[in-house]
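# Observations on the model geometry
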Number of protein chains: 2
Amino acid sequence: MNRTDDRPVTLVDEHAHAWSPQAARARFREGLTGPTAGVAAGRTQANLISVPQDWAYDMLLFCQRNPKPCPVLDVTDAGSWSTVLADDADLRTDLPRYRVWQDGRLVDEPTDVRGYWRDDLVTFLLGCSFTFEWALDRAGVPIRHVEQGRNVPMYVTDRQCRSAGRLHGPMVVSMRPVPPRHLDAAIRESSLLPAVHGGPVHCGDPSALGIEDLGRPDFGDPVDAEPDDIPVFWACGVTPQAAVMASRPPFALTHAPGQMFLTDARDEQYRVA
Amino acid sequence: MNRTDDRPVTLVDEHAHAWSPQAARARFREGLTGPTAGVAAGRTQANLISVPQDWAYDMLLFCQRNPKPCPVLDVTDAGSWSTVLADDADLRTDLPRYRVWQDGRLVDEPTDVRGYWRDDLVTFLLGCSFTFEWALDRAGVPIRHVEQGRNVPMYVTDRQCRSAGRLHGPMVVSMRPVPPRHLDAAIRESSLLPAVHGGPVHCGDPSALGIEDLGRPDFGDPVDAEPDDIPVFWACGVTPQAAVMASRPPFALTHAPGQMFLTDARDEQYRVA
C-alpha cells in the first residue's frame, strides 16, 4: 500500500474551518482537492464506500460486526446519490477525491465519479474521527497533524476484523500523538462520540497493533510528535478499503483517505451525553 | 394488539437476579417462562427477531436507519442458532417464550421454536432497555415495574420509523415512571448506553407520542406511578414486531415482549465512558 500523496499537505484553504458544509461541498465539486481535517468546524465528516447491491448485505453486516472502525451514519437506496445527511449533496461529485476499485485493485483516483456510476451501487457513509477532533480541541488537546498542516497518519494493523460473508480484512487505525496530561480528555471526549469511532482502540506501543514504524504510515502523512507524546490509535473508516483490497469485490468506489464527505449534520448530535 | 398476558406477572423466581446467564438460559430451556426484567443482574438482555435471508438486508437496514429502537448487538449467519454473545446458547430454545409470525399475523407463542426453524433464518439480537435498569438502580432511580413485580409497559406510538426496502412501521416505546428528582440520573445513565436504546425519546405528556391511555399498554403490564412521577419513554426493541405486523413478511420469529434472551455479555461493556 502506498501513501495517498508524497508531499506534506496543507489545509485546503486557510479559511476552510469557517466554511459552511454547503460551501465546502461546492468547492470540492468545482475541483478543489485535499484533506478535510479542519474544514467546516463542528460539522460531521464521513467516510464513503459504494458497492454493488449484491455486496451490500455483506458490507452492512461487516459494519455491524465491526462498529468501532465502521460506524454507519447512512446507507442509500441502490443507485441513489442522495443522503439524508445533506439534502442538496451529490455523492458522485462532492468529495475532494475518490478511489475506484476493480477486483480489489486501485485503478483510478478521480475528483468526480459520475463516469463510474452504476445504478446498482449502494453507498455507505461512515463516521470519521475528524468529527471528534473539534471536541478534543475544545478540551485543550493539541491536534498535531492539523497544527502541522498534514493529513492524519493511518496504519494497517495486524488485528483482523470480524468477517461478514465474503468480506474480511484488517482493521485500519488513525494515530494522534497526545501529551500525557491530555490523555484523559482525549479518551473521554472521543468515547462520548461512539458514532464516529468512539474511544481509542490502543494507547502507547505501536507494535501491539503490528505497526513497525510510525514514520511510515500506510495512508496519510507522518506527523511530528513532541518528546513526551503518547501515540493514541483510533479505529479508522479506511478499514472498508482494506477489506476491499483483501476481499476483492468486482467493483467499489471510496473516498481518498483523509478526503472526506462533508455532511450538514452537527457533531453535537452524535454526542451521547 | 393485545397485551402479552392478562395477569399481573411476578418475577420468574425470587432469586433470579443472582442467576448466572447460563443458569437462566438453562431454566428457560427447561420450560420456565415469564418476563426477564431483574434476571441475572448486570448481564445484557436482548430482543430477538429471525427473518428469512431474503428479508435480512431490509431488516439490517431498518435497524441501521432506526438505531434508537433497533440497536444491533449481533446478527447470525443464515440458519445458525448460535451467537457470539453466549457461546453455549441455542437461540431456538433458550428464551422464555417466542412469537411465531406468518404474513404479519401472530400464529403461535411457543416456549421452543425448533419445530418452526428454517435453514434460511437470519437472527438479529437487539439491545434491550432492561440492561440500563441496573445502571438506573445503581444511581438510585426506582424501577416501578420491578418493584411491583410486573412486565414493563410498552406502547405503539404515532411516530413512524424510517422505512427500509419492504419494512416499515411505527416506533414502540417502553415507559418508566420516574420521580422528578431522579430524572437527570435516568437520562444520563441511559444515554451512556446507546447500544441498549440510549437516552429517552420523550419525557412527559404521553399524547405527544400518540399514546391515549398509559393504563392500557399495547404490550406488557400497566404500572402504578406515584403522584409526582413523570412518564419517561424509551425506544423499545419490540419495534421490529410492529414492523412485522405492518409489513407482513411471509415468516418471522421473535421473543415474546419482555421475555428476552439472556446473553453472557456484561452491561458495562456497552457503556461508552
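For the structure itself, look to the data block above.
Let us look at the structure shown here. Worth saying up front: this structure is predicted, and the values here are computed from it rather than measured. (Residues numbered from 1 in each chain as written. Chains lettered and ligands numbered in written order. Predicted model: local features only at pLDDT ≥ 70, side-chain atom pairs only at ≥ 80, totals over all residues. Heavy atoms only, no water.)

## Remarks on the interface of chain B and chain A
Often the size quoted for an interface is simply the accessible area lost on bringing the parts together. Quick reminder of the rule: We call two residues in contact whenever any of their non-hydrogen atoms come within 4.5 Å of each other. By buried area we mean how much accessible surface two parts lose on assembly, using a 1.4 Å probe and totalling the loss over both. Salt-bridge detection follows one rule: a side-chain nitrogen of Lys or Arg within 4 Å of a carboxyl oxygen of Asp or Glu. For this analysis, a polar contact is any N or O atom pair within 3.5 Å, provided that within protein one partner can donate a hydrogen and the other can accept it, and provided that sequence-adjacent residues contribute only side-chain to side-chain pairs. Helix and strand assignments come from DSSP, with helices taken as H or I runs of at least 4 residues and strands as E runs of at least 2, each series counted from the N terminus. All amino acids are sorted into three groups, where Ala, Val, Leu, Ile, Met, Phe, Trp, Tyr, Cys and Pro are nonpolar, Asp, Glu, Lys and Arg are charged, and the leftover types, Gly among them, are polar.
The interface of chain B with chain A comprises 21 residues on the first partner and 21 residues on the second. Summed over both partners, the interface of chain B with chain A comes to about 1,600 Å²; 57% of that surface belongs to carbon and sulfur atoms. When the area that chain B buries against chain A is broken down by residue, the three leading residues are Y57, L60 and Q64 of chain B, summing to 34%. At the boundary of chain B and chain A, one finds four salt bridges. For D77 of chain A, the salt bridge goes to R65 of chain B, with nearest N and O atoms at 3.3 Å. Taken together, chain B and chain A are joined by eight residue pairs in polar contact (both at pLDDT 80 or more). At the level of elements, helix 2 (56-65), strand 2 (72-75) and strand 5 (121-127) of chain B are the ones that each hand at least two residues to the side of chain B that touches chain A. In terms of residue count, the dominant contributor to the side of chain B that touches chain A is helix 2 of chain B (six residues). Among the residues forming the side of chain B that touches chain A, the class breakdown is 14 nonpolar, three polar and four charged.

## Let's talk about the sheet that holds strand 7 (residues 170-178) of chain B
What links the strands of a sheet is backbone hydrogen bonding, and the strands pair in either a parallel or an antiparallel sense. All names here are of chain B. What counts, and what does not: Any two strands with at least two DSSP bridges between them are considered paired.
In spatial order, the strands read 6-7-9-8; together these four strands make up an open sheet with antiparallel pairing. Each edge of the open sheet carries a strand with a single partner, namely strand 6 (154-160) and strand 8 (202-203). As judged from the four bridges shared by strand 6 and strand 7, these two strands associate in the antiparallel manner. Bridged to M154 within strand 7 is S174.

## Some words on the nonpolar core
Our working rule: By convention a nonpolar core is built from buried Ala, Val, Leu, Ile, Met, Phe, Trp, Tyr and Cys residues, the set being connected through side-chain atoms within 4.5 Å. Any residue under 20% of the maximum accessible area for its type is buried, any over 50% is exposed, and the rest in between are partly exposed; the area is computed with a 1.4 Å probe on protein chains only.
Counting residues in hydrophobic clusters, the biggest one holds 64 residues, and the most contacted among them are Y57, F124 and V173 of chain A together with Y57, F124 and V173 of chain B. No other element matches helix 2 (residues 53-65) of chain A, which puts eight residues into this core. Residues A46, A86, V178 and L193 of chain A belong to the second largest nonpolar core, which totals 33 residues.

## A word on helix 1 (residues 21-29) of chain B
All names here are of chain B. Applied cut-off: Think of it as the arc spanned by the lines of direction from the helix axis to the C-beta atoms.
Considered for burial, the residues of helix 1 that qualify are P21, A24, R25 and F28. Taken down its axis, helix 1 places every buried residue within 95° of arc, on the same side. Buried residues in helix 1 make contact with strand 1 (43-52) and strand 11 (261-266). In the segment just after helix 1, G31 is the residue with positive phi, at about 120°.

## A word on the relation of the copies chain B and chain A
This is how it is decided: Overlaid copies result from least-squares superposition on C-alpha atoms, with residues included only where pLDDT is at least 70 in both.
For the pair chain B and chain A, the best superposition has an RMSD of 0.0 Å and corresponds to a rotation of 180° with a translation of 0.0 Å parallel to the axis. Seen this way, the second copy is the image of the first under a two-fold rotation axis. Using C-alpha coordinates, one finds that chain B approaches the rotation axis most closely at Y57 of chain B, a distance of 2.7 Å. In this assembly, 100% of the residues forming the interface of chain B have copies in chain A that are likewise at the interface, indicating an isologous arrangement.

## Let's talk about the sheet that holds strand 6 (residues 154-160) of chain A
All names here are of chain A. Basically, it comes down to this: Structural elements are reduced to axes, namely lines fitted to C-alpha atoms, with helices fitted over the stretch in contact, and the angle between N-to-C directions of any two is expressed from 0 to 180 degrees.
On the basis of which strands lie adjacent, the open sheet formed by four strands has the order 6-7-9-8 and antiparallel pairing. The open sheet has two edge strands, strand 6 and strand 8 (202-203), and neither has a second partner. Bridge count between strand 7 (residues 170-178) and strand 9 (residues 230-235): six bridges; the pairing is antiparallel. Directly across from R176, in strand 9, lies its bridge partner V232. Packing of helix 5 (residues 183-191) onto the sheet brings it into contact with strand 7, strand 8 and strand 9, and relative to strand 9 it is tilted by some 5°.

## A short note on the packing of aromatic side chains
All names here are of chain A. What counts here: The criterion for an aromatic pair is that two Phe, Tyr or Trp rings (for Trp, the six-membered ring) have centres within 6.5 Å, with stacked assigned to planes under 30 degrees apart, edge-to-face to planes over 60 apart and tilted to the rest. Charges are assigned to positions over rings by a cutoff of 6 Å between ring centre and Lys NZ or Arg CZ, combined with an angular limit of 35 degrees from the ring normal.
Using the criterion set out here, one finds four aromatic pairs over all chains in the structure. With 6.2 Å between their ring centres and 80° between their planes, W81 and W117 make a pair best called edge-to-face. Linking W81 in the loop between strand 2 (72-75) and strand 3 (98-102) with W117 in the loop between strand 4 (105-108) and strand 5 (121-127), this pair joins segments that are 36 residues apart in sequence. The buried category is assigned to W117, whose relative accessible area is 15%. Residue placement shows R27 over the ring face of W19; its charged tip is 4.3 Å from the ring centre.

## Quick notes on the pairing of strand 9 of chain A
Residues and elements named next belong to chain A. Among the six residues of strand 9, five are classified as buried, and the element is accordingly described as predominantly covered. As defined by bridge partners, strand 8 adjoins strand 9 across two bridges and the pair is classed as antiparallel. The partner of H202 across the bridge, within strand 9, is F233.

## Points about the side chain of H145 of chain A
Residue and element names in this part refer to chain A. Take H145: it is sitting in helix 4 (residues 144-147). Owing to a relative accessible area of 2%, H145 belongs among the buried residues under this scheme. Look past the residues within four positions of H145 in its chain and what remains in contact with it is A37, F130, E133, R150, N151, V152, R176 and V223.

## Some words on the packing of helix 3 (residues 130-138) of chain B against helix 5 (residues 183-191) of chain B
Residue and element names in this part refer to chain B. Counted only if it meets this: Each angle receives one of four descriptions, namely roughly parallel if under 35 degrees, roughly antiparallel if over 145, roughly perpendicular if within 65 to 115, and oblique otherwise. By definition, any crossing whose near helix is turned counterclockwise from its far helix by less than a right angle is left-handed, and any crossing with a clockwise turn is right-handed.
One way to put it is that helix 3 packs onto helix 5 with a least axis distance of 9 Å and a crossing angle of 135°. Between helix 3 and helix 5, the angle falls in the class oblique. Read as a crossing pair, helix 3 and helix 5 show a hand that is right-handed. On helix 5, the residues touching F132, A135 and L136 of helix 3 are A186, E189 and S190. In terms of residue class, the contact of helix 3 with helix 5 is made up of four nonpolar, one polar and one charged.

Geometric values such as these leave the question of function open.
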